[in-house]
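# Architecture at a glance
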Amino acid sequence: MAAPSLIPRQHCWVWHGKGGGLLEQGDGQPGSIQTLQQHPKPSLPAHGGNWGHSAPSSPWPLSLQAQVWVYFCSPLLRAQEGMAFQRSHRLNLLRLIVLLLVALAGIKFLFGDSFTLELHKHVSKDSGFWGDAGDTGQDAGPQSQDLEETVVKIMAPRQETGQQVPRDISATEMRLVHLDLKGAAPRVSYLEQVFPLLSQLGANGILIEYEDMFPFKGELEILKSPYAYSEEDIERIQQLAELHKLEVVPLVQTFGHVEFILKHEKYQHLREVERFPNSFNPHIPETLALLKSILSQVIEKHRRSTWIHIGADEVFHLGEGMDSKNWMSRNKGDMGTMYLKHIKEVLSFIAMQYWGLQVLMWDDMLRKISVGALRESGIAKHVSPVVWFYAPDFNTEQIEPFLTKYAESGFEAVWFASAFKGTTGPAQAWPPLSYHLKNHLSWLKVTQALPQLAPLRCQGIVLTGWQRYDHYSVLCELLPVGIPSLAICLQTLMNGGFTEETKRKVLEALGFQSLQLEQSTCEGRGTFPGAEIYHMVEQVNGHLKESILKALEDESAIKGWFSPYHRKHQFGNPRNMESFGSKVLKLHEDWESFVRDLRGQLERVYFPDTVEEWMEENVNPYLDQLRDLVRDYQAIIRLNARPKVM
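Residues numbered from 1 in each chain as written. Predicted model: local features only at pLDDT ≥ 70, side-chain atom pairs only at ≥ 80, totals over all residues. Heavy atoms only, no water.

### Points about the overall build of the protein chain
The helix and strand tally for the protein chain stands at 20 helices and 15 strands. Counting across all 646 residues of the protein chain, residues that qualify as buried make up 53%. Carbon together with sulfur atoms contributes 54% to the accessible area of the protein chain, which is approximately 29,900 Å² in total. (Helix = DSSP H or I, 4+ residues; strand = E, 2+ residues; numbered from the N terminus. Buried < 20%, exposed > 50% of the residue type's maximum accessible area, 1.4 Å probe, protein only. Areas by Shrake-Rupley, 256 points an atom, 1.4 Å probe, with all protein chains shown as cover.)

In structure tokens:
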């Protein structure tokens, strides 16, 4: 390619002595020249001027400067071109610097993040339930070959048009708030109110586990809930997150916890064990094909995202299916290698199709796999494990073995995962504040001790807020009910402990006057989004059941003159019944009025299916008893002391 002219103007020529010489003439437009022909150094034109060496500061390489001659036009033209010369010279220098910087950045990015998945030669002697390291057996060869092909393919940039370059947040410790949407997914209008609070409290990202709330299309449309978000909703969520400086990290389960997929008859043949919808059979090619489709649809709608989480935790019943048993019989019973084989296939797809997208996965299945097997798999270069532990009091010694293993396995960075709700019982309606605070205080100790525990970098922490234990379980604590716990936990992480100053910031952010950790209560009106639901659920949790059971079981008049026998045979004396009737009717009226208000508040935040489920699980089992009592009371009073019905 021809070197740029020092004076790219009409009537000025550049002659390059290299390779016989090229004569180039400016076309009158700054910064462009035309190659006329291969030509020896021309003689001076008749109208005057002279040839001269290029200046030492010219943009040509030193090796060419001695052979580059510039024809300077007549003195009059040179004077007219003086200023243009200086401007063009500076512009060319600037262009050269920019090109060099871009080239250096490209080389670093290309070779620093290329997908190599190297197979290490030195295998550890570690062994355990998941098999000895390196026992890949007959199926290890094809898998290794696939990964080598991946190395070649992945060196090219993503082919999708319009793809944004991911932001580099590797040096920033992330604090992601987990939104578990497999139950009680909030309306977008509620998230619009909550996101500013999350940012205020110290979160800088959200981990969104969509499950059936994602607007799947085409053949995948069967997976979405009737109340799934629309594509416009997904875009709006990301806009709101960006507005409040929250990184959006989508979570797509790729191995276990896929009940929302495998419950459908269309996909039942992909189950690891035919009877259970929990986990994929990793040996059926259609499994990976389905996952590619699901991942593609989710990632395509999250072009702003730097990270994706592939789940991969609690792969229940792995190894129990016939295909897995056959595979293990050929591979010395190594279930760890079987697990990693599937994970590598998922990582390979993401790397090939979405180059630069960083990947997270839950770590619990990795804990059982030997260091040798993990090193040999090469996944450490392409995924970061999220070490989760939800107990209130644990010490660094409990976490250290996992961290040591991951460091020895080649991982350079890890994430941690705590919990602000959803881990103290599948039907828990009210979060125990002290329990979750202690969990975060324990994680603070681990984070502070990490440099002494293992040569790993902590990239961030996920504050999980589980809404269901799995797709089939009942709802845990609702998000508005869990916000005080979330505020305490986030501010504890931000301030390095739960001090009086931390407490003051929490109360100020939530609009409370005081909080009682051991009683798990907050006093005051509350000004955070969903505060009305928080107080109303507190009433249901603390008083509904108690007040109704007291009326039904402790009232002696009901036991004596309105027993189940009286109600079954529809007889009673109005004189005796009226002694408790007014009290029961008033209790019923008060709770019915309260529940109508509660339903109205819930409907502002949640879709109808969530409202109905929560009422069925938390209100109706107790209120229905009172309703039945009132119904029978009113019916028997109208009978006016008639004989019992036999």
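### So, the confidence of the model for the protein chain
For residues with low pLDDT, the predicted coordinates do not support detailed interpretation. Taken over all residues, the pLDDT of the protein chain has a mean of 81, while the share at 70 or more is 74%. Here residues 1-85 is a poorly scored stretch, pLDDT under 50, and it has 158 contacts once near neighbours within four places are set aside; other chains count. Per-residue pLDDT stays below 50 along residues 107-172; that stretch engages in 121 contacts with residues further than four places along the chain or on separate chains. (pLDDT = per-residue confidence, 0-100. Contact = heavy atoms within 4.5 Å.)

### What about helix α20 (residues 620-638)?
End to end, α20 covers 26 Å across 19 residues, agreeing with the expected 27 Å (1.5 Å per residue, within 8%). The set of residues buried in α20 consists of Asn620, Leu623, Leu626, Leu629, Val630, Asp632, Tyr633 and Ile636. Those residues of α20 that are buried are in contact with α15 (531-553), α16 (556-561), α17 (564-569), α18 (574-605) and α19 (608-618). Immediately beyond the C-terminal end of α20, within one or two residues, lies asparagine 640, with a positive phi of roughly 60°. (Expected span 1.5 Å × (residues − 1).)

### Regarding the packing of helix α7 (residues 285-300) against helix α9 (residues 335-353)
Contact geometry of α7 with α9 gives a least axis separation of 11 Å together with a crossing angle of 40°. Judged by the angle between their axes, α7 and α9 are oblique. Note that α7 runs across α9; the crossing there is right-handed. On the side of α7, the interface is formed by Thr287, Leu288, Leu291, Lys292, Leu295 and Ser296, while α9 contributes His342, Glu345, Val346, Phe349 and Ile350. Within the contact of α7 with α9, the residues separate by chemical class into six nonpolar, three polar and two charged. (Axes fitted to C-alpha atoms, helices over the stretch in contact; angles between N-to-C directions. Parallel < 35°, antiparallel > 145°, perpendicular 65-115°, else oblique. Left-handed = near helix turned anticlockwise from the far one by under 90°. Nonpolar A, V, L, I, M, F, W, Y, C, P; charged D, E, K, R; others polar.)

### Points about the side chain of asparagine 576
Positionally, asparagine 576 belongs in helix α18. On the basis of relative accessible area, asparagine 576 is assigned to the buried category, the value being 12%. Within the structure, the side chain of asparagine 576 is placed 3.5 Å from the side chain of tryptophan 561, a separation counted as a polar contact. (Polar contact = N/O pair within 3.5 Å; in protein donor to acceptor, adjacent residues only side chain to side chain.)

### With respect to the packing of aromatic side chains
According to the stated counting rule, one finds 22 aromatic pairs in the structure shown. A connected cluster of aromatic rings, assembled from ring pairs, spans Phe389, Phe394, Phe416 and Trp443. Over the face of the ring belonging to tryptophan 388 we find arginine 367, whose NZ or CZ atom lies 5.4 Å from the ring centre. Across from the ring centre of phenylalanine 571, 5.6 Å away, lies the NZ or CZ of lysine 644, which sits over that ring. (Phe/Tyr/Trp six-rings, centres within 6.5 Å; stacked < 30°, edge-to-face > 60°. Lys NZ or Arg CZ within 6 Å of the ring centre and 35° of its normal.)

### Comments concerning the nonpolar core
The biggest cluster of nonpolar side chains holds 154 residues, and the ones touching the most others in it are Tyr229, Tyr339 and Leu403. Core analysis: the next-biggest nonpolar cluster, separate from the first, contains 16 residues, Leu251, Trp388, Ala417 and Trp466 among them. (Core = buried A, V, L, I, M, F, W, Y, C linked by side-chain atoms within 4.5 Å.)

### Focus: the environment of leucine 197
Mapping leucine 197 onto the fold places it in helix α4 (residues 188-201). The class for leucine 197 is buried, based on a relative accessible area of 7%. A sequence separation of 47 residues divides leucine 197 from histidine 244, and the C-alpha atoms of the two residues are 9.2 Å apart. When sequence neighbours within four positions are dropped, the list of residues in contact with leucine 197 reads Ile483, Ala509, Leu510, Phe528 and Pro529.

### Remarks on the pairing of strand β13 (residues 457-465)
Two faces belong to every sheet, and in a regular strand the side chains alternate between them. When you tally the buried positions in β13, you get eight out of nine residues, the bulk of the element. Relative to β13, strand β6 (residues 174-180) runs parallel, the two being bridged by four bridges. Considered in β13, the bridge of methionine 174 is made with glycine 460. Taken together, the eight bridges between strand β12 (residues 413-421) and β13 define a ladder with parallel strand orientation. Across the sheet, the residue bridging to serine 418 is leucine 463, located in β13. The parallel pair β12 and β13, bridged by helix α12 (residues 433-453), forms a crossover whose chirality is right-handed. (Pairing = 2+ DSSP bridges. Right-handed = clockwise from strand over helix to strand, strands pointing away.)

### Some thoughts on unusual backbone geometry
We note that glutamate 211 has phi near 50°; this positive angle belongs to a residue other than glycine. For glutamate 211, the position within the fold is in the loop between β7 (205-209) and α5 (231-243).

### Focus on the environment of valine 481
The topology assignment puts valine 481 in helix α13 (residues 479-495). Sequence separation between valine 481 and histidine 535 is 54 residues, and the spatial gap between their C-alpha atoms is 8.2 Å. Once you skip the residues sitting within four places of it in the chain, valine 481 turns out to touch Ala429, Trp430, Pro431, Tyr534 and Val537.

### Examining the packing of helix α8 (residues 322-330) against α9
For the pair α8 and α9, interaxial distance at closest approach is 10 Å and the crossing angle is 115°. When the axes of α8 and α9 are compared, the crossing they make is right-handed. Residues Ser324, Trp327 and Met328 of α8 form the contact with α9, whose participating residues are Met335, Thr337, Met338 and Lys341. Looking at the contact of α8 with α9 residue by residue, the class counts come to four nonpolar, two polar and one charged.

### Section: the environment of leucine 515
Tracing the backbone shows leucine 515 in strand β14 (residues 514-516). By relative accessible area, which is 5% here, leucine 515 ends up buried. Remark: the alpha-carbon pair of leucine 515 and proline 484, spanning 31 residues in sequence, is separated by 9.3 Å. Excluding anything up to four places from it in sequence, leucine 515 contacts Ile488, Phe498, Lys503, Val506, Leu507, Thr521 and Cys522.

### Side note on the pairing of β6
Counting buried residues in β6 gives seven out of seven residues, a clear majority hidden from the surface. Here β6 shows a buried face lined by Met174, Leu176, His178 and Asp180 and a second buried face lined by Arg175, Val177 and Leu179. Here five bridges tie β6 to β7, and the two strands are oriented parallel to one another. Bridge pairing in β7 links leucine 176 to glycine 205. Regarding topology, α4 serves as the crossover connection from β6 to the parallel β7, and that connection is right-handed.

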